[in-house]
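# Tertiary structure, described
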Amino acid sequence: MTKIAPSILSADFLRLGEEVKAAEEAGADLIHIDVMDGRFVPNITIGPLVVAAAKRATNLPLDVHLMIIEPEKYIDDFARAGADYLTVHEEATVHLQRAVQQIKEAGVKAGVSINPATPVSAIEDIVADVDLVLVMSVNPGFGGQAFIPHALKKLRQLKALIKTKGVQSPPLIMVDGGITPDNARDAVEAGAEALVMGSAFYGSGDYKALVKKVRENLGE
Ligand code: DX5
Ligand code: ZN
């Protein structure tokens with residue numbers, strides 16, 4: 001079954017604990033947490049303290065998406081805060097393999113993400129070492145942007161790459177940005193196994209109904 005990962009970027013931050021719990025109760029599989037530094041992306045969001053607070057609010061795995069340059073400086077802080085997955089951007093670190101190793105040594109599942117203009121080939125030599133690949137279907141920085149259809153082609157390429165390489169334990173294929181109940185099926189058919197949903201989820205008003213609709217549209 002496809003995993004649904006609500007992004008708390010679109011939640012009510014004043015009621016963050018409740019919002020995280022509500023996502024869990026609605027049937028979410030992961031909680032996606034967007035960390036932005038105002039340098040890699042033009043927005044600033046949250047740090048390890050908020051991750052630690054979210055950890056206390058749910059039993060779901062925390063999927064922490066680091067949109068920060070030199071993520072290696074903060075990997076240990078986010079690991080201590082309770083991240084279950086830590087995803088770094090291919091574009092944000094010079095030594096990607098080292099960053100992935102550092103995440104694993106901290107006892108956390110390692111993810112790598114690529115921006116819309118970064119080809120799948122850029123992660124060809126790391127796909128076998130990661131637990132998650134996050135394909136951005138918007139330029140990172142903000143919730144509520146429109147899905148970039150080219151991401152579907154990249155999902156297909158990524159799936160094919162993993163297959164061709166015969167990766168022993170294949171990474172979870174996740175897509176992030178502009179996912180709605182209407183395009184969820186296209187993303188899954190292209191290869192996505194996990195869907196990040198920010199504005200479509202928290203903007204829906206009825207989280208349970210939203211999850212139900214997504215699952216219906218996916219035929220699950
Ligand atoms: C964008 C973030 C996304 C964002 C998705 O920079 O990485 O996780 O929260 O929000 P929507 O689903 O509204 O595009
Ligand atoms: Zn994200």
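In what follows, the structure referred to is the one given above.
Reading guide: rules and limits
Residues numbered from 1 in each chain as written. Chains lettered and ligands numbered in written order. Predicted model: local features only at pLDDT ≥ 70, side-chain atom pairs only at ≥ 80, totals over all residues. Heavy atoms only, no water. Axes fitted to C-alpha atoms, helices over the stretch in contact; angles between N-to-C directions. Helix = DSSP H or I, 4+ residues; strand = E, 2+ residues; numbered from the N terminus. Parallel < 35°, antiparallel > 145°, perpendicular 65-115°, else oblique. Left-handed = near helix turned anticlockwise from the far one by under 90°. Contact = heavy atoms within 4.5 Å. Nonpolar A, V, L, I, M, F, W, Y, C, P; charged D, E, K, R; others polar. Donors = N, O, S within 2.8 Å, 3.2 Å for Na, K, Ca; no water. Tetrahedral: all angles 85-135°; square planar, octahedral: opposite > 155°, others 65-115°. Buried < 20%, exposed > 50% of the residue type's maximum accessible area, 1.4 Å probe, protein only. Arc of directions from axis to C-beta.

Attention now goes to the packing of helix α1 (residues 16-26) against helix α8 (residues 207-218). Contact pair α1 / α8: the axes reach a minimum separation of 8 Å and the direction vectors enclose 40°. Judged by the inter-axis angle, α1 sits oblique to α8. The two elements α1 and α8 meet at a crossing, and its hand is right-handed. Within the contact between the two elements, α1 uses Glu 19, Ala 22, Glu 25 and Ala 26 and α8 uses Tyr 207, Lys 208 and Val 211. By residue class, the composition of the contact of α1 with α8 is four nonpolar, no polar and three charged.

Now for the coordination of the zinc ion (ligand 2). When a metal holds four donors in a tetrahedron, each ideal angle between them is 109.5 degrees; when it holds six in an octahedron, the ideal angles are 90 or 180 degrees. Binding of the zinc ion (ligand 2) to the protein goes through His 32 (NE2), Asp 34 (OD), His 65 (ND1) and Asp 176 (OD), at separations of 2.0 to 2.3 Å. Here the zinc ion (ligand 2) binds six donor atoms, and the angle range of 71 to 169° at the metal identifies the geometry as octahedral. With relative accessibility at 0%, the residue His 32 sits in the buried group.

Okay, helix α2 (residues 48-57) next. Within the sequence span of α2, burial applies to Val 51, Ala 54 and Ala 57. All buried residues of α2 project into a common sector of 115° when viewed along the axis, lining one side. The outward face of α2, more than 90 degrees from its buried face, is lined by the exposed residues Leu 49 and Arg 56. Of the surrounding elements, those touching the buried residues of α2 are α1, β2 (31-36), β3 (62-67) and α3 (75-81).

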